[in-house]
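# Summary of the model geometry
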Amino acid sequence: METQLAHTDVRNIIENNPNVLLDFYADWCGPCQTLLPTINKLADELKDDVVIKKINVDEYQELASEFSIRNIPTLIFFKDGKATDRHTGLITERNLRDKINRLK
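Residues numbered from 1 in each chain as written. Predicted model: local features only at pLDDT ≥ 70, side-chain atom pairs only at ≥ 80, totals over all residues. Heavy atoms only, no water.

### Observations regarding the state of the cysteines
Stated precisely, the cut-off is as follows: A pair of cysteine sulfur atoms is labelled a disulfide when the two atoms are within 2.5 Å. Accessible area is worked out with a 1.4 Å probe on protein chains only. A residue is then buried under 20% of its type maximum, exposed over 50%, and partly exposed in between.
Scanning the entire structure with this criterion turns up one disulfide. Residue cysteine 29 pairs covalently with cysteine 32 via a disulfide, S to S 2.5 Å. The S-S bond linking cysteine 29 to cysteine 32 shows a torsion near 75°; that makes this disulfide right-handed. For cysteine 29, a relative accessible area of 5% puts it in the buried group.

Here is the structure:
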């Protein structure tokens, strides 16, 4: 499943989907790579409930700046177009699943 998100798509995705999770990461980031299998698994499992997209902070520095990303991985949760939660650093699959379930 392709989860990359380009700058031009971000606002459209957030505004047109009730539940969105953005994962800000970098390819060189160890914790980001540790989180990657969990993100991909949940993106596949929960595709009918939440849109999960990844944003590479090296490729999309403007987006990282716009969303005030200072550390990675950073996950931002959106409900009906508004940011409702943010998590920086590693997170267990269970805790991430709980946060996503609170969006629904």
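### Some words on the sheet that holds strand S1 (residues 19–25)
Applicable threshold: Pairing between strands requires that DSSP locate at least two bridges from one strand to the other. Strands here are runs of E lasting at least two residues and helices are runs of H or I lasting at least four, both read from the DSSP assignment and numbered beginning at the N terminus. Convention adopted: a line fitted to C-alpha atoms gives each axis, helices being fitted over their contacting stretch, and angles between N-to-C directions are expressed from 0 to 180 degrees. The criterion used for residue contact is that any of the two residues' heavy atoms lie within 4.5 Å.
Spatial strand order, S2-S1-S3-S4: four strands in an open sheet with mixed pairing. Where the open sheet ends on each side, the last strands, each with one partner, are strand S2 (51–56) and strand S4 (82–88). Adjacent strand axes in the sheet meet at a mean angle of 20° when their direction is disregarded. Bridging between S1 and S2 involves six bridges; their strand directions are parallel. Opposite phenylalanine 24, over in S2, you have isoleucine 55 as the bridge partner. Against the sheet, helix H4 (residues 93–103) makes contact with S1, S2, strand S3 (74–79) and S4, and its axis sits at roughly 20° relative to S3, the strand it touches most.

### Description of the nonpolar core
To be explicit about the condition: Take the buried Ala, Val, Leu, Ile, Met, Phe, Trp, Tyr and Cys residues and link them wherever side-chain atoms come within 4.5 Å; each set so joined is a nonpolar core.
Counting residues in hydrophobic clusters, the biggest one holds 20 residues, and the most contacted among them are Leu22, Phe24, Phe67, Ile69 and Ile72. Those elements that provide at least two residues to this core are helix H1 (7–16), S1, S2, helix H3 (61–66) and S3. With four residues, S1 is the largest single contributor of residues to this core. Ranked by size, the runner-up nonpolar core spans 14 residues in total, among them Leu46, Phe77, Ile91 and Leu103.

### Regarding the packing of helix H2 (residues 30–45) against H4
Keep this limit in mind: In these notes the angle categories are as follows: under 35 degrees is roughly parallel, over 145 is roughly antiparallel, 65 to 115 is roughly perpendicular, and the rest is oblique. Should the near helix be turned anticlockwise from the far one by less than a right angle, the crossing is termed left-handed; should it be turned clockwise, right-handed. Throughout this entry, Asp, Glu, Lys and Arg are counted as charged residues, while Ala, Val, Leu, Ile, Met, Phe, Trp, Tyr, Cys and Pro are counted as nonpolar. The remaining residues, Gly among them, count as polar.
Direction vectors running N to C along H2 and H4 enclose 40°, while the axes themselves pass 11 Å from each other. Between H2 and H4, the angle is such that the two are oblique. Considering only the axes of H2 and H4, their crossing is right-handed. On H4, the residues that touch Thr38, Ile39, Lys41, Leu42 and Glu45 of H2 are Glu93, Leu96, Arg97 and Ile100. Across the contact of H2 with H4, the residue classes break down as four nonpolar, one polar and four charged.

Read these as layout, nothing more, since geometry by itself doesn't imply function.
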